[in-house]
Amino acid sequence: MPIISDIDRKSAKGRAVTVWIYVSLILGGITMVYPFLVMLTGSVSNGFDYDRRDPLPRYVWAREDRFMHMLCGYFPPAHRASLRQLRQYFPDLPEEWSIWSQIGDDTKASDQWAGKQLARLKDPAQRQCLETAAKDYADFMADWDVTETILAYDNRYIAPFLRSRYGTLDKLNRAWQMSIDDFAKVNASEWSGEPIDQASYTPERDVRYSDLLEFRKAYRQNQFTPYLKDGGATAGYLRPAALRFIWEDYVAKQDEKLKSADLAALPFPVPVDAAPEMLARWHGFLLTEFPMRHIEISVQGRQQLFQQFLQDRFPTVDYLNRVLAGTGQAWTPVSRWEDIKLTATVPDGPLGRVWMDFVRTEVSVGQWQIRDTLPEQAFQKFALKRYGSVEAISAAYGLKLASLQALGIPFGQALLTTFGHKEWAFFADNLGGNYVAVIDYLLHRGLAVRNTIILVLLAIFITLTVNPLAAYALSRFRLRASEKIIVFCLATMAFPAAVAAIPGFLLLRDLGMLNTFAALVLPGAANGMTIFLLKGFFDSLPKELYEAASIDGAPEVTVFWRISLPLVKPILAVGMLNAFIAAYNGWEWAIIVAQDPKIWTIAVWTYQFSQTLTGAPYMVMASFIVNSIPVLLVFLFCQKIILRGIILPQMK
Amino acid sequence: MRLRYCLVLACLLLAGWTAAAPDQASDGKLFRISVTSRYNAQNRQPQIIREFLAAHPNVRLVQWDGIKMPAEGSRASLAMAMAANIGPDIFETDIRQAVEQRLAYPLTEWIGEDGVLANGKPKLNKQGKRDLNGQIDSDETKWADWMKIKPLYRQVVTVNGKAYALPNRGGTYVGILYSKTLLRKAGLDPMHPPKTYDEFIRWVRLLYDPVKKTYGLELTSQSWAFAPWVATTGSSIVVQDRKCTACGKTVTFNEQATQFVCPCGEDVSRVVPTWRCNVASPECTAAVAFYYRLRWAPWIMDRSTHEPVELTKQDVDNGYVMFRGKRIVFSPDDVVEGSIGVTTTALTDTLKRLGRDLAMYPLWAGDMTEFQNLGIPPDDLGMMPFPGMNSSCRPVLQASNSFFMIGKDVLRRGGDTPQEKKAYRDLVWDMMRRICSPEGSDEDIRRKVAAGQAKFLNPRDLERLGFKDYLREMPPENLQMWQQIEAGKLLEVVEPFMGKWLQFRDFYQREVIDLVLRPSGKEFDYNTALKDLERDANTGIMFERPREVLDQYRPKARIIAAFIALFLAFFTVLIIRDQMKRTESKAGVYKGWLPWLMLLPAVASIALWGYYPLARGLVMAFQDYKVVGRSPFVGLSNFISIALDPNFYHYLFTTFRFVLWNLGLAFCTPIILAFFLTEVPRFKVFFRTLFFLPQMTSGLVVTLMWKEMYAGTAQGTINRLLAPILGMWDLKPVDWLGNPHTVMACVILPSVWAAAGIGSLIYLAALKSVPEELYEAANIDGATILGRIRHITLPTIAPLVLINFVGAFIGTFQSMGQIFLLTFGGPGKETMVMGMAIWQEAYVNMRFSLATSYAWILGSILIGFTYMQLRILRRVDFRQAKGD
């Protein structure tokens, strides 16, 4: 009953009190809801907007944010120089943008930039050019060599891919020469960012690498991203390993006056007939920074020189064999220097780096040829073949190309049109992606779901048996030692739980029960307080019921099941609910007594997520939400049970 | 009836399900040798391991990983697994702690032991007695490679004449990495690195540009990076005292000393040393003081000579300083506070800046190509030793070391017969030997040689592989450093190894170094902190308190213990008598067995999980509990140690603070909320549901969600919300959980927030049960609102409040609430409540006995309250509330 009566409410003072109470409740309500909204928004965000900690995901209503969100998926923060690579497709991307969260923080600037890009989509003439370029990009990419590509992949597809490829872990371990115990633990971090921009990088062509190439092909066929399959989505997550940006950076370092527009107009690769200063600069670049795997030389008359070079590096043939054979890469020992032949392009295997150093020091840079493995050069040739002239390309793409070499890979155009066609597919992916990843993880790693169900059922079963049985026995029958038994049960409460926890852990070990469900449920199975409470309720049932039942000749079990238990149902229901919540949410005891991932429940996995996935807080937030859903549902459906199960103490 | 079927069905399902789960261990004789994460078992394995696996197709090498603990408790997962007998086969931790706890399996059967010749016969000296020198000598070892291990490392891994560990491969050193370009640009010559603190700080300042934010040096608070600085003072963190047999004086030697000559000329190398932690000595303090000086000392740049000039406080007040006989006047804006940056990001992120806006960084490196993948060109990278404190101290390089041991759980594996077990042990030993073998990194070295990078490698590796010719090409700075090491011009040290260094170093970092480097470090009194730390280190963290000290207090302790035991017994008797007061008539006693059967599960369960642990806990409190083997009885030692430990009183005080704060907030909020919800005429259910929201998720989620909100950067949710307010006063974002002033409130708030809604339900029901007539009568009497509350409402709900209060008090006292996840007791020891301290002692430090003793002390403090609680319980009836 309210203390403030209706009469009070009519007075000014009473009204003031009521208003004050409402204000407090509203403020309190906001503090209750706000953190949840931030968490919910966090769970549908990515590296771009997680750090905003907004209560609502802005990309739901802001198209600019949707675009940035998509770009963040293509150029994820964890990958090598991802924003720098983005800038080579969008030259007007502000230079000071160096990390995604910083872009997300500056809503105004990011809106402005994204708005500018999206305006290109709206204008029909520009749209036409964009579509043309995107179409060409798709055609070019369709049979581009996958070794020269970069993949913005999702980690969660690796495990299923390898599982389908190898079947068993043993086969994988043997092939990859490692030993892991779970497909999901395969560390393939190098799959995202091979150092394609490093001068002396060449891929090591082993099993791992060929698997990577297969993975890339699967991505190119949109095996993992069905929403990109058709309908104008030209930009897949696999893109050519364009290198223009290292050239731009090289020039920018030498000539600080140049603006990004000037850099974007630079020829790449620089043709042999370029102006001498440009050519000199280009040669400097080739010698220091340009990846040597794109270089080809003529071997004519250089074999002798190469031998000399080898002798300088490896004083004797024996040295050479010992060094190269011990690198773990394939090497057939040679007996004479002459057996090693100079190749026109970088050889596979351990000799690769030697070849590079030889070319750098012994072959004049003017005689180097750029191979068609360089994506820019290949695309330029591709476009020239399709359109016939630089002017025609310019017209088709809506660009003002000074030369053919100024043409870059039109991945930016492809991204824009893909966004234009698939805006809502990306939106759905953003909204659900983190959740799908978390659920996928829970289903495929360990046996989280099975364990949780077992544990919850066990906990409920025990709640319904151990304590009620004891309480019933104490209430129904007059026993010689009833009181003593109750004291026996209650007295453990007098000592702190901490005293018993450590020996309890040791006892579990001695019984061999660690890492079993027994360790999780048995120690808390019986509880003196609960027995005491239940006994009180059984006591309050009318004795006549029992008498009537026993006169009818009903066995005790029937009396217990069919008469007594149903009468204390509300209390038992709350007990069951609490047992469910405790079993479902429990992790503190579990991390002590059940360290084996095989019996971890969802709650323990959630804990583990939060401790290990620090690099992807949005995934952690999604795992929090996933973890909360069952409890949420139970509470929504069981509100009545809770309210009916409240028990109040009354003085006797 | 339906219910029963459901239950039966559930049981069947359960049984089927558990049985259906495939048992992975059943596939014959497949051995999984596990190794802790210091060795990466999941990468491509080097040749030497591949050969082994090819030769033993039934063996797998697996990575051992336990549950991840919060950073400060990261060592707990290994300790807990060891205690649970499911530890890794090959692991790494404090050697001496592992030996003391018997976690490591001695390597005697492969290496041999002191005093036993390689052929198994005892080694005798001239007098015909066992010749023991504590070390395994060349004639004693059965393993050819043993003598190839550095003497210092042999000393480290040998405890009481038995070898327990092997040093990990790799000759990495902790030194000061530098960028040659940046040094040369500032006119500094890497061929002549600074030899003293003063020269070093001059370099650091010359390289520091506060305006452009380019740093000469950055420091981290990690202890391993700090340890070499202690060695530069000529002292060490751990020292050994040896009593001279000739002159009777006690002489102190460094931990890693190799010669033991007393000033009187006597050789004391045969004297048994006593080890102790020495961090508060003037020398070790000087090293911390140097960190402080680097971080906080004010200085100016003299414009005419372009030399940095350090300022005293007096100089700063005066506004001028005398330098080389000249008076330099400066304005307050010229003064620079501190000369370094502090690393707050991941090490690799800092390292990426080397050569750009950072010139020097103390870190480990095996050779100069180590960080090539981070974009640091090997020809720009150099390493110099840590400078000596003054010209009489040698510069220092610290060999960075880790040691692998064989876990005691190998004894349980491999099969049932001793032969099978021995075969398994041999496999594990072979694997460990290969993991630690220097050949493991040979492939990498050869690749680097093939790539023309031989000149950046460690000359020792090149010589070992027979590639001596490459030494000619080595850059002079690099060669000079390696040569100086070989010539003994540099002091080569390892991280401390006596005592529980790994355990100590967490404390060293948390309680001293981090607090010097923190933004609040300027006011930090490191002298006192070091003294406290040294005391703690010598009384448990690093070395146990000597028995004699404990014995001294024993008589007094016995008297106190007797009193406490009496006190406890008194309450126990009181509780039992109180509970048994009701007289029972013997008439009509039921004679059947059925009730006993029904009681059996509960009573047996309480006996097993309630009483047995209590009894065992009582015994443990008087033991020195060992995870493996027999635990000796130590009488009252645990309690004496606790009583002598000032930290105990701090924990107690912190617990009281925690409880008071918690009760003040968490206990009252639901009551007030219930009043509010009763009083609002409309939207009651809506508000109730709102406040109930936190209940619909788990405590884990609530806590971690708040942790995310408390983030101390500008991006933290709370800091973002407060940004306009903070901006008004030009304040920095608050480091909520790192600041001693805010942390206590912060660890309590989440539980208050989460418990308000659910807690208010019971009060709501209670308020509803107040008879309406009473209010009406009071209204007629003209009672005010407050008067009605006081005279009608409060008396009705009083029993409920009382019961809840006592329960909450007892519960809060024992709990560690959200502290485990939010702060793990930090910063420093600011939130180390009893519950947390017990957890840490037991599961991180593996001192189960001490932890149990703490728990018993906690229990005796609470027993009065528990008595009250039980008394009240017996006086009330519980009735179902009238639902709505």
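Note that the structure is a prediction, hence the values are computed from the model and not measured.

Moving on to the overall build of chain A. Assigned secondary structure in chain A consists of 30 helices and five strands. For 652 residues, the compact-globule estimate of 2.2 N^0.38 gives 26 Å, and the C-alpha radius of gyration of chain A, at 35 Å, exceeds that figure by more than 25%. A principal-axis box enclosing the C-alpha atoms of chain A has dimensions of 115 × 75 × 40 Å. A total of 652 residues make up chain A; the buried ones form 41% of that total. In chain A, once contacts between residues fewer than 6 apart in sequence are set aside, the share between residues at least 24 apart is 72%.

Here we take up the overall build of chain B. Looking only at helices and strands, chain B has 31 helices and 24 strands in total. When the 884 residues of chain B are sorted by exposure, 43% land in the buried category. For chain B, the share of sequence-separated contacts (at least 6 apart) that also reach a separation of at least 24 residues comes to 70%.

All names here are of chain B. On the basis of which strands lie adjacent, the open sheet formed by three strands has the order E11-E10-E12 and antiparallel pairing. Both outer strands of the open sheet, strand E11 (250-254) and strand E12 (274-277), are each paired with one neighbouring strand and no more. Sheet twist, expressed as the mean angle between neighbouring strand axes with direction ignored, is 30 degrees. Pairing geometry for strand E10 (residues 238-243) and E12, over four bridges, is antiparallel. Across the sheet, residue Asp241 finds its bridge partner in E12, namely Thr274.

On to the interface of chain B and chain A, then. In this assembly, 128 residues from chain B lie in contact with 116 residues from chain A. Residue contributions to the side of chain B that touches chain A peak at 18 residues, all from helix H20 (residues 594-620) of chain B. Among the residues making up the side of chain B that touches chain A, the classes are represented as 74 nonpolar, 31 polar and 23 charged. Here strand E5 (residues 647-651) of chain A pairs with strand E24 (residues 876-880) of chain B via five bridges, running antiparallel.

Another aspect to go through is the environment of Pro267 of chain A. Within the element layout of this structure, Pro267 of chain A appears in the loop between helix H12 (260-264) and helix H13 (276-288). Residue Pro267 of chain A is classed as buried on the basis of its C-beta count, with 20 C-beta atoms lying within 10 Å.

The residue Pro282 of chain B is located in helix H10 (residues 282-296) in this model. Residues Pro282 of chain B and Ser235 of chain B, spaced 47 residues apart in sequence, show a C-alpha to C-alpha distance of 9.3 Å.

Once that is clear, we can look at the sheet that holds strand E13 (residues 298-302) of chain B. Residues and elements named next belong to chain B. Spatially, E14-E13-E17 is the arrangement adopted by the three strands of the open sheet, whose pairing is antiparallel. Of all the strands in the sheet, the pair left with one neighbour each is strand E14 (307-310) and strand E17 (336-337). Sheet topology note: the E13/E17 ladder contains two bridges and is antiparallel. Across the sheet, the residue bridging to Trp299 is Val336, located in E17.

Attention now moves to the confidence of the model for chain B. Caution applies to low-pLDDT regions: their predicted coordinates should not be interpreted in detail. All names here are of chain B. Across chain B, the average pLDDT comes to 85, with 95% of residues at or above 70. This model gives residues 7-27 a pLDDT under 50, and the stretch forms nine contacts once residues within four places in sequence are excluded. Scored as a whole, the predicted complex attains pTM 0.86, and scored at its interfaces, ipTM 0.88.

Here we take up the packing of helix H2 (residues 12-43) of chain A against helix H30 (residues 617-644) of chain A. Residue and element names in this part refer to chain A. Two elements in contact, H2 and H30, have axes separated by 7 Å at closest approach and are oriented at 120 degrees. The pairing of H2 with H30 is recorded here as oblique in orientation. Crossing of H2 against H30: the hand is left-handed. Counted together, Met39, Leu40, Gly42 and Ser43 of H2 and Pro617, Tyr618, Met621, Ala622, Phe624 and Ile625 of H30 form the full contact between these two elements. Here the contact of H2 with H30 is composed, by residue class, of eight nonpolar, two polar and no charged.

So, about the environment of Arg371 of chain A. All names here are of chain A. Take Arg371: it is sitting in the loop between strand E4 (369-370) and helix H17 (375-387). Among the residues examined, Arg371 registers 15 C-beta atoms within 10 Å and is labelled partly exposed. Remark: the alpha-carbon pair of Arg371 and Ile297, spanning 74 residues in sequence, is separated by 9.7 Å. If we skip the residues at most four places from it in the chain, Arg371 touches His294, Ile295, Glu296 and Thr345.

Our focus in this paragraph is the pairing of strand E2 (residues 59-63) of chain B. Consecutive side chains of a regular strand alternate in pointing toward one face of the sheet and then the other. Residues and elements named next belong to chain B. Pairing between strand E1 (residues 31-35) and E2: five bridges, direction parallel. Residue Arg32 lies in a different strand from E2, and its bridge partner there is Arg60. On the question of chirality, the crossover connecting E1 to the parallel E2 by way of helix H2 (residues 47-55) is right-handed.

Residues Phe268 of chain A and Pro269 of chain A are joined by a peptide bond in cis, for which omega reads -5 degrees. Looking at where Pro269 of chain A falls in the secondary structure, it is placed in the loop between H12 and H13. The phi dihedral of Arg53 of chain A falls on the positive side, at around 50 degrees, and the residue is not glycine. Tracing the chain through its elements places Arg53 of chain A in the loop between H2 and helix H3 (63-74). What makes Arg53 of chain A buried here is the crowd of 23 C-beta atoms within 10 Å. For Asn85 of chain B, which is not a glycine, the phi torsion comes out positive at approximately 65 degrees. Position of Asn85 of chain B among the secondary structure elements: in the loop between helix H3 (76-83) and strand E3 (90-91). Looking at Asn85 of chain B, the number of C-beta atoms within 10 Å reads 17, which means it is partly exposed.

Take helix H27 (residues 772-781) of chain B next. The element H27 of chain B is barely covered by neighbouring structure, given that only zero of its ten residues are classed as buried. Residue Gly782 of chain B follows H27 of chain B closely and has a positive phi angle near 80 degrees.

Let us look at the pairing of E10 of chain B. All names here are of chain B. The pairing of E10 with E11 spans five bridges and is classified as antiparallel. Each residue of the ladder has a partner; that of Val239, found in E11, is Asn254. As consecutive antiparallel partners, E10 and E11 are separated by six residues, and within that stretch Gly248 has a phi angle of approximately 80 degrees, a positive value.

Take the confidence of the model for chain A next. Considering every residue of chain A, the mean pLDDT works out to 87; 98% of them sit at 70 or more. When pLDDT is averaged over each helix and strand of chain A, the minimum, 74, is found for helix H1 (residues 6-10) of chain A and the maximum, 95, for H17 of chain A.

Thresholds applied
- Residues numbered from 1 in each chain as written.
- Chains lettered and ligands numbered in written order.
- Predicted model: local features only at pLDDT ≥ 70, side-chain atom pairs only at ≥ 80, totals over all residues.
- Helix = DSSP H or I, 4+ residues; strand = E, 2+ residues; numbered from the N terminus.
- Rg over C-alpha atoms; globule rule 2.2 N^0.38 Å.
- Buried ≥ 20, exposed ≤ 12 C-beta atoms within 10 Å, placed from the backbone.
- Contact = placed C-beta atoms within 7 Å.
- Pairing = 2+ DSSP bridges.
- Axes fitted to C-alpha atoms, helices over the stretch in contact; angles between N-to-C directions.
- Nonpolar A, V, L, I, M, F, W, Y, C, P; charged D, E, K, R; others polar.
- pLDDT = per-residue confidence, 0-100.
- Parallel < 35°, antiparallel > 145°, perpendicular 65-115°, else oblique.
- Left-handed = near helix turned anticlockwise from the far one by under 90°.
- Right-handed = clockwise from strand over helix to strand, strands pointing away.

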